[in-house]
Amino acid sequence: SSSSGDEALRDRRARILSRGLPKQKPIEGVKQVVVVASGKGGVGKSTTAVNIALALAANDSTKEVGLLDADIYGPSIPKMMNLKGNPELTSKNLMRPLKNYGITCMSMGFLIEETAPVVWRGLMVMSAVEKLLRQVDWGQLDYLVIDMPPGTGDVQLSVSQNIPIAGAVIVSTPQDVALLDAHKGAEMFRKVHVPVLGLVQNMSVFQCPKCKHETHIFGADGVRDLAKTLGLDILGDIPLHVNIRETCDSGQPVVISQPRSDAAKAYLKIAMEIVRRLPVAPA
């Protein structure tokens with residue numbers, strides 16, 4: 001009958017479609033993956049990812065934390081974490097990550113010269129991401145923080161579809177053009193069924209070091225308005241402060257080098273909010 005023929009056709013289509021999607025496979029030794037993303041470049045996403053990773057470890061010294069730099073074209077984790085050199089290989093031919101400040105780190109920046117551009121097409125980028133995820137001996141990690149490249153392209157989709165992600169954190173400045181892209185980023189994660197833990201409002205306010213007058217250079221509370229629109233939480237506000245930039249540029253992130261500063265406290269609070277929203281980790 002025609003109805004049974006239609007059913008067989010539907011079954012066949014479903015099988016073909018399911019074949020096209022990669023099966024999500026956990027990273028060996030990693031309990032929970034948190035991705036830090038932004039729709040737009042230049043909003044301080046990598047700085048936020050670095051300080052969140054350090055804050056997760058600072059808040060609970062029993063937890064092991066890793067940091068993966070998935071920005072293939074513009075890796076900045078080596079400089080921010082003050083790490084140089086090539087990863088050694090284990091007996092199983094896996095790359096051994098580099099470590100500083102108690103954080104296990106892996107980046108494309110360890111595999112190429114510091115000033116060498118990565119001039120690759122999509123397939124090569126996908127292959128590199130796969131290697132950084134699967135061919136690294138992460139040891140035993142409670143949290144792996146992934147610093148995603150800006151945008152909603154191949155890398156974001158590949159990471160989201162290949163590994164189970166406990167939650168995504170979206171970083172944006174309060175500026176309208178950044179908010180448009182942050183909105184797209186949040187919607188992309190929803191489409192691939194990655195829970196968005198909340199938004200971080202970065203460079204929220206500038207305080208003059210001399211007179212202490214506060215100026216909202218990028219606008220006020222734009223990220224809060226976006227959070228309301230999306231039905232998401234604000235995990236915290238990070239001020240626009242020269243210390244945050246200087247410490248990351250010198251490879252001594254503010255959470256480590258100035259733990260009592262307001263900026264460090266803001267990152268520590270965000271890390272606490274992230275943990276509160278994560279599902280219960282597997283034993």
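As shown above, the structure is provided for reference.
Residue numbers restart at each chain and count upward from 1, following the sequence in its written direction. Totals for whole chains, interfaces and linings use all residues, but because this is a predicted model, local features are given only for residues with pLDDT of at least 70 and pairs of side-chain atoms are given and counted only at 80 or more. As a rule here, side-chain values come from all non-hydrogen atoms in the structure, and water together with hydrogens is ignored.

On to the overall build of the chain. Looking only at helices and strands, one finds ten helices and twelve strands in the chain. Of the contacts formed within the chain by residues at least 6 apart in sequence, a portion of 77% connects residues at least 24 apart. Helix and strand assignments follow DSSP, with helices taken as H or I runs no shorter than four residues and strands as E runs no shorter than two, numbered in order from the N terminus. Residues are treated as being in contact if the distance between any of their heavy atoms lies within 4.5 Å.

Attention now moves to the pattern of salt bridges. We define a salt bridge as a side-chain nitrogen of Lys or Arg found within 4 Å of a carboxyl oxygen belonging to Asp or Glu. Within the structure shown, the criterion is met by eight salt bridges. Between Asp-142 and Lys-31 there is a salt bridge, with its nearest N and O atoms 3.6 Å apart. Of this pair, Asp-142 sits in strand β7 (residues 141-147) while Lys-31 sits in strand β1 (residues 30-37); the two residues are 111 residues apart in sequence, bridging distant segments of the chain. Arg-276 is the salt-bridge partner of Glu-273, the closest N and O atoms lying 3.0 Å from each other. Note that Glu-273 and Arg-276 are positioned in helix α10 (residues 262-277) at a spacing of three residues, about one turn of the helix. Under the scheme applied here, a residue whose accessible area is under 20% of the maximum for its type counts as buried, over 50% as exposed, and between as partly exposed, the area being computed with a 1.4 Å probe on protein chains only. For Glu-273, a relative accessible area of 16% puts it in the buried group.

Here the focus is the side chain of Thr-47. Assignment of secondary structure puts Thr-47 in helix α2 (residues 45-59). Ignoring sequence-local partners within four residues, the contact set of Thr-47 consists of Met-80, Ile-244, Cys-248 and Tyr-267.

Okay, α2 next. Helix span, expected: 1.5 Å multiplied by one less than the number of residues in the helix. Helix length check: α2, at 15 residues, gives a terminal C-alpha distance of 20 Å against a target of 21 Å (1.5 Å per residue), a fit within 8%. With 13 of its 15 residues buried, α2 lies for the most part within the structure.

Moving on: the environment of Ala-70. With respect to the element layout, Ala-70 can be found in the loop between β2 (65-69) and α3 (77-80). Looking at Ala-70, the relative accessible area reads 4%, which means it is buried. Between the C-alpha atoms of Ala-70 and Met-108, which are 38 residues apart in sequence, the distance is 7.6 Å. In contact with Ala-70, not counting residues within four places along its chain, are Ile-146, Asp-147, Met-148, Pro-149 and Val-155.

Ile-146 and Phe-189 are the most contacted members of the largest nonpolar core, which totals 81 residues. Each residue touching Phe-189, except ones within four places of it in the same chain, is listed here: Val-35, Ala-37, Met-148, Ser-160, Ala-168, Ile-170, Val-194 and Val-196. To form a nonpolar core, buried Ala, Val, Leu, Ile, Met, Phe, Trp, Tyr and Cys residues must be joined to one another through side-chain atoms within 4.5 Å.

Turning our attention to the packing of α2 against α10. Where α2 contacts α10, the two axes come as close as 8 Å, and the packing angle between them is 75°. When the axes of α2 and α10 are compared, the pair comes out roughly perpendicular. Along the contact surface, α2 presents Thr-47, Thr-48, Asn-51, Ile-52, Ala-55, Leu-56, Ala-58 and Asn-59, while α10 presents Tyr-267, Leu-268, Ile-270, Ala-271, Met-272, Ile-274 and Val-275. In this count, Pro and Cys sit with the nonpolar residues alongside Ala, Val, Leu, Ile, Met, Phe, Trp and Tyr, while Asp, Glu, Lys and Arg are called charged and the others, Gly among them, polar. Taken together, the residues that form the contact of α2 with α10 break down as eleven nonpolar, four polar and no charged. Axis lines are fitted through C-alpha atoms, for helices just across the contact stretch, and the angle between N-to-C directions can take any value from 0 to 180 degrees. Each angle is binned into one of four classes, with values under 35 degrees roughly parallel, values over 145 roughly antiparallel, values of 65 to 115 roughly perpendicular, and all other values oblique.

Think of it this way: DSSP has to see at least two bridges between two strands before they count as a pair. With mixed pairing, the eight strands of this open sheet are ordered in space as β5-β6-β2-β7-β1-β8-β9-β12. Because the sheet does not close on itself, it has two edges, and the strands there are β5 (98-100) and β12 (234-237). Ignoring strand direction, the axes of neighbouring strands in this sheet form an average angle of 25°. Bridging between β2 and strand β6 (residues 103-107) involves five bridges; their strand directions are parallel. Of the residues in β6, the one forming a bridge with Val-65 is Ile-103. α10 contacts β1, β7, β8 (167-172), β9 (196-201) and β12 of the sheet and is inclined by roughly 175° relative to β12.

Despite not being glycine, Asn-93 has its phi angle at roughly 65°, a positive value. Note that Asn-93 resides in the loop between β3 (88-89) and β4 (95-96). At Tyr-101, a position not held by glycine, the phi torsion is positive, near 55°. Structurally, Tyr-101 can be placed in the loop between β5 and β6.

Burial analysis of β2 places five of its five residues in the buried class, the great majority of the element. Here β2 shows no split at all, with Val-65, Leu-67 and Asp-69 on one side and Gly-66 and Leu-68 on the other all buried. Relative to β7, β2 runs parallel, the two sharing five bridges. What sits directly across from Val-65, in β7, is Tyr-143.

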